Amino acid sequence: MGEFQLDRAVPKPTMEKNLHNRDVVGVQDFVLLENFESEEAFVDNLKRRYKENLIYTYIGQVLVAVNPYKNLPIYGPAEVKEYSRSHFFEAPPHIYAIADNAYLSLKDEHREQCILISGESGSGKTESSKKIIEYIAARTEHLRNVHVVKEKLLQSNPVLESFGNAKTNKNENSSRFGKYMDIQFNYEGGPVGGNIINYLLEKSRVVSQVQGERNFHIFYQLLAGGDANTLNRLKLENNPEMYNYTKDCGKNDTLKSKDGTQFKAVLKAMDTIEIGKKDQDEIFDIIASILHIGNIKFVINENGNAEVLNHDANTENIAKLLGCNLNQLRDALTHRTIDARGDVVTSPLSGELAQFARNALAKAIYDRLFTWLVSKLNSSLQPTERNINPVIGILDIYGFEVFKKNSFEQFCINFCNEKLQQLFIHLTLKSEQEEYLREGIVWEPIKFFNNQIICDLIEEKHKGIIAFMDEECLRPGVPTDLSFLAKMNKHLASHDHFIGHMKADLKTQKSMGRDEFCLVHYAGDVTYNVTGFLEKNNDLLFRDLREVMSQSTNSIVAKCFSNTEWQNKKRPDTAVTQFKNSLNDLVKILMGKEPSYVRCIKPNNLQVGGQFDDKVVTHQVKYLGLMENLRVRRAGFAYRRPYELFLQRYKCLSKATWPNYRGSPKDGVNELIKALKYGEDEYRMGNTKLFIRFPKTLFNTEDAFQAKKNDLAAIIQSHWKGLMQRRRFLIMRRSAIVIQKWVRRFLAQRERERRKKAAETIRRFIKGFITRNGPPNEDNKNFIEIAKSHWLKKLATSLPKHVLDKSWPPCPFACKEASEHLHRMHCNHIARKYRLALDPKKKKQLEMKVMAESLFKGKKKSYQKSLGPWFQNERVSSIQLPLIQGFTGSSMPKDETLQYSTEVIKYDRKQYKPRDRVLLVTNKAMYLLDGKKEFKLKHRLPLDVLEHVVTNETDGLLMVKIPPALKKDKGDLILSVPHLIEAVIKILDITKKTSSLSIVDTGSITHSLVNGKQVGLIEVKTGNPASIARAKNGHLLVVAATP
Ligand SMILES: Nc1ncnc2c1ncn2[C@@H]1O[C@H](COP(=O)(O)OP(=O)(O)OP(=O)(O)O)[C@@H](O)[C@H]1O
Ligand SMILES: [Mg+2]
């Protein structure tokens, strides 16, 4: 059910979103109207919103829509999107919200829906119903497979409107029938079919219209839009003024210009809803026939009976178009057959009755054609799969009608509205009460008017107005409208809601005719004129005409007038009973569904936009029962919401509930209420919902929320910024990792290259090392280079410093040659350095050493010993030194200088007796002095003639060979010289005659004695101790120590 279905499985979100706008454009929900009892405040709220083009306002879940009379840009795809995405109260009130709410309840909760649209003629009911269908079509845009059905649903309207709508003084496109349309949905929520029920077509319009109004659109459309061939076939002229039924159409050029194009649209729509060419032709045959029927003229014969002229073209056209017998038709138009209990009597008709019969035929044909059309639409709209599909029903039905003169039609229409109000009360109050019970809140009885009493007044069996009307229609005798009125006056006089002329107060009596009665409807008093009630209720079509029609070759007409109908003797139900039954069926249908209400209001009677006529609107507010609606809705509490939703929206208003409340939502709301300091009677806590009594309380809460929003915005902003920063950080981190990866890759590659190179170098080094001694090649080239450089560097620091240091660092193979060169060069270098550093004395010494080497090395075994010590000039004791000086000063020639002096042992030549002597060497001669006897000169031998013999052993034997010329010295001199090599070198250095020395390696040496004739023998041996002495054999035995 609509208004009070707040406890549905899917909670309805808040209307609170727009609460803060209320000052600008009024409240968007009347329940929040502070002064809810005031009609003025109500209308003012509507007006304020209307001025801002806000044509929709809620009363709870009832939508009040004010006709804008202009196209507002609020029905585009953007709005469809908005409303399909937001919950009911989240977006501003809109017909789309109602449609979406119904659609979602059906789709998600499988609850069948109906949308009841009511309002005065021209208030926008049909437009609203179209908007709903359009919304559903757009909402299910994504479901491609239902495209054809949607197209049919949309296209059913032009056909229905063409045949069922007409221009009235209130609405240029007024629906002259009630319509209930079911849209069936499949499990996906796609529309798969539909069904239409039509109510009470205003068929009287076919034969006559009020001044300024028109017949149904289709007549004009056919005449304006039908091509020449069609019109020709139908025997029609393109001029409505030629036909009685359409001639009073007035001069409405705008409509006329539309008719032609509308006709094309209707043809197209018929194609869409599968009305084939043959059916279309037959339909237009019927429409044309009706126009011809209207033009039938009767003449009165001499008996006062009606007759059709023989050459009447109209009847001929009709017979041709409908395929019926011309004479039969003419007879049926002028005669009436009555079957009274088996007695079949045919009687001619008076002119008046013939006229009546003719019009009745036209009305009946049109009415049945319309019903056939609806059934045709329905068979086209049937879903292909015959499942039981849930439906959304849309009821577009006339609202309460109050004219100056109200007749049978208004009675039916207003009865219908009473029934719908009853349904509304039943459903809303019941559920309101049930909700209070469910929520455990004490029910406070609401003052409201229950219109059940009026429904009963009208429809109660045997006692109601309908019962009296039917009774009058059926009773034998001559029932009239007035007899019907009298009956009502008699039986219903005591009823509170029936006012007859008699019962009315004086004031009412003045304005009320005697043929009128007044009903006190829930929406107000309506006075009905009984004239025509019975006739309209009887809806009489004479049997003869029905028979002719049933024989028509036009299949539609034949179907509409079946044989059984006119043969059936039982009277068909009266019009009002049929209507009552269909209404009761409708109520049954609606009872099983959840209703939503759209209450349409027109802002003025001029059919123009922008004008808000308070009086006109107030009248509608009253007759739509909107104040009653609001009162019921506001009786208890202005606002109620499930705890979850209330808490969700307002939780930021208490520290205890922000940001999240851990306990139950009810406890959370309790905390909130404490924080908001609600007064005792301002609210009630239900089991699942919070009920707030006054709008003010809610507004205050909402205002507090709006103020708090800034804080929330800051929090959201900070979180958002944080999130953004984090996202940026993550991107940067990812980028950094990528860069890092590449850098690492690069470094790793470089490192690998380095290692590879190193390994190669090492490998080459090892190879180089292995092949270092081979010829230079690629492998060992480097190694050798390195080895060279290393060796050179090392060499530079480890060169031998001393001339005698023969050490030399080992060298690699490759440097061998260089090493040798260098070694040599270095030796030469330090030798040269050494040499350059020598003083003359030393130089002399070395020259002598060199000489010693050249003479003795390898030749005399004591050479090695002589090597180390420097050669001395004096080998005498310190005692001997002055003696020698004395000798040289006294006995030596002046040009001689002493070069060397040494103690020696002289062995004489015969006995080899040893004698101590001192040997002096000057630059010219050798002197031998007696070492003991004061240096007595024993010999002076000139150096340059002497020859010297030494052994190769270690002994110190020196034999000085004296040339024979000097043999006065008695033969060769045999000496034992302590530093033999030194002494010999001194001598030879002076003489420069190295050839004068001979070194003998024989075991014996001969020496000459005196004159060279006697020869002595010196034996040389080695052994220990070393000695030189005469042997037993008389030879001189030299024992040389072994080295
Ligand atoms: N929402 C709307 N937007 C624009 N124009 C509208 C709207 N609703 C109604 N109208 C205008 O008002 C006219 C009358 O509307 P509509 O035919 O729906 O009235 P109705 O209530 O169905 O009347 P009736 O009872 O006579 O059929 C429309 O032809 C259209 O011009
Ligand atoms: Mg309408």
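These remarks concern the structure in this document. (Residues numbered from 1 in each chain as written. Chains lettered and ligands numbered in written order. Predicted model: local features only at pLDDT ≥ 70, side-chain atom pairs only at ≥ 80, totals over all residues. Heavy atoms only, no water.)

### Remarks on helix 25 (residues 614–623)
Given 3.6 residues per helical turn, the α-helix brings residues three or four places apart onto the same face.
Moving on, step 1. Three or more residues of helix 25 are buried, namely Val616, Val617, Gln620, Val621 and Tyr623.
Moving on, step 2. Close packing links the buried residues of helix 25 with helix 2 (39–51), strand 15 (524–529), strand 16 (594–601) and helix 26 (626–634).
Moving on, step 3. One side-chain oxygen at the N-terminal end of helix 25 lies 3.0 Å from the backbone nitrogen of lysine 615; it belongs to aspartate 613. (Buried < 20%, exposed > 50% of the residue type's maximum accessible area, 1.4 Å probe, protein only. Helix = DSSP H or I, 4+ residues; strand = E, 2+ residues; numbered from the N terminus. Contact = heavy atoms within 4.5 Å. Polar contact = N/O pair within 3.5 Å; in protein donor to acceptor, adjacent residues only side chain to side chain.)

### Here's the deal with the sheet that holds strand 18 (residues 683–685)
Moving on, step 1. Here 3 strands make up an open sheet; going across it, the order is 17-19-18 and the pairing antiparallel. Of all the strands in the sheet, the pair left with one neighbour each is strand 17 (639–642) and strand 18. When strand polarity is set aside, the average angle formed by the axes of neighbouring strands in this sheet is 15 degrees.
Moving on, step 2. Examined bridge by bridge, strand 17 and strand 19 (residues 689–692) share 4 bridges and lie antiparallel to one another. When the bridges of strand 19 are listed, proline 642 appears paired with lysine 689. (Pairing = 2+ DSSP bridges. Axes fitted to C-alpha atoms, helices over the stretch in contact; angles between N-to-C directions.)

### Section: the packing of helix 6 (residues 147–164) against helix 8 (residues 217–225)
Moving on, step 1. At their nearest, the axes of helix 6 and helix 8 sit 5 Å apart, and the two run at 100 degrees to each other. With respect to each other, helix 6 and helix 8 are oriented roughly perpendicular. Taken together, the residues of helix 8 that come into contact with helix 6 (itself represented by Glu161, Ser162 and Phe163) are His217, Ile218 and Gln221.
Moving on, step 2. When its residues are assigned to classes, the contact of helix 6 with helix 8 shows 2 nonpolar, 3 polar and 1 charged. (Parallel < 35°, antiparallel > 145°, perpendicular 65-115°, else oblique. Nonpolar A, V, L, I, M, F, W, Y, C, P; charged D, E, K, R; others polar.)

### As for empty space enclosed by the protein
Moving on, step 1. The full count for this structure, using the stated rule, is 8 cavities of 30 Å³ or more.
Moving on, step 2. In this structure, the largest cavity encloses a volume near 110 Å³.
Moving on, step 3. If you go around the largest cavity, you meet 13 residues; those closest to its centre are Ser118, Asn417, Leu420, Gln421 and Arg599.
Moving on, step 4. For the lining of the largest cavity, the elements supplying multiple residues, two or more each, are strand 3 (113–119), helix 15 (408–439) and strand 16.
Moving on, step 5. No other element matches helix 15, which puts 4 residues into the lining of the largest cavity.
Moving on, step 6. Per-class residue counts for the lining of the largest cavity are 9 nonpolar, 3 polar and 1 charged. (1 Å grid on protein atoms, 1.4 Å probe; cavity = no way out; pocket = protein on both sides within 12 Å on 5 of 7 lines; lining within 4 Å. Points joined across faces, edges and corners; volume = space filled by probe spheres on them.)

### Points about the pairing of strand 32 (residues 1036–1040)
Moving on, step 1. Where burial is concerned, most of strand 32 is hidden: 4 out of the 5 residues are buried.
Moving on, step 2. Pairing between strand 30 (residues 1015–1022) and strand 32: 5 bridges, direction parallel. Its bridge partner being in strand 32, valine 1020 is matched across the sheet by valine 1038.
Moving on, step 3. Note that strand 31 (residues 1027–1030) and strand 32 share 4 bridges and pair antiparallel. For arginine 1030, the partnering residue across the bridge sits in strand 32 and is leucine 1036.
Moving on, step 4. As consecutive antiparallel partners, strand 31 and strand 32 are separated by 5 residues, and within that stretch glycine 1034 has a phi angle of approximately 90 degrees, a positive value.

### Details of the side chain of threonine 951
Moving on, step 1. Its location among the elements puts threonine 951 in strand 25 (residues 947–951).
Moving on, step 2. The buried category is assigned to threonine 951, whose relative accessible area is 1%.
Moving on, step 3. A distance of 2.3 Å separates a polar atom in the side chain of threonine 951 from a polar atom in the side chain of aspartate 955.
Moving on, step 4. Ignoring sequence-local partners within four residues, the contact set of threonine 951 consists of Lys860, Leu957, Ile999, Val1000, Ile1005 and Val1020.

### Some remarks on the coordination of the magnesium ion (ligand 2)
Angles at a metal have ideal values that depend on geometry: 109.5 degrees with four tetrahedral donors, 90 or 180 degrees with six octahedral donors.
Moving on, step 1. Those donors, Thr126 (OG1) and Ser175 (OG), are the protein atoms that reach the magnesium ion (ligand 2), and they lie 1.8 to 2.1 Å from it. Here the residue threonine 126 occupies a position in helix 5 (residues 125–139), and serine 175 occupies one in strand 5 (residues 174–175), the gap between them amounting to 49 residues. Assigned by exposure class, threonine 126 and serine 175 land together as buried. (Donors = N, O, S within 2.8 Å, 3.2 Å for Na, K, Ca; no water.)

### Digging into the pattern of salt bridges
Moving on, step 1. Tallied over the entire structure, the rule returns 49 salt bridges.
Moving on, step 2. Arginine 631 is paired through a salt bridge with glutamate 37; the nearest N and O atoms lie 3.6 Å apart. Here arginine 631 is found in helix 26, whereas its partner glutamate 37 is found in the loop between helix 1 (22–25) and helix 2, with 594 residues between them in sequence.
Moving on, step 3. Given a relative accessible area of 27%, arginine 631 falls into the partly exposed group.
Moving on, step 4. Notably, a salt bridge pairs lysine 536 with glutamate 409, separated by 3.3 Å at the nearest N-O pair. Residue lysine 536 is located in helix 20 (residues 533–538), and its partner glutamate 409 is located in helix 15; the two are separated by 127 residues in the primary sequence.
Moving on, step 5. Take glutamate 409: its relative accessible area is 21%, and that puts it in the partly exposed class.
Moving on, step 6. Through salt bridges that share partners, Glu127, Lys130, Lys131 and Glu161 make up one connected network. (Salt bridge = Lys/Arg side-chain N within 4 Å of Asp/Glu carboxyl O.)

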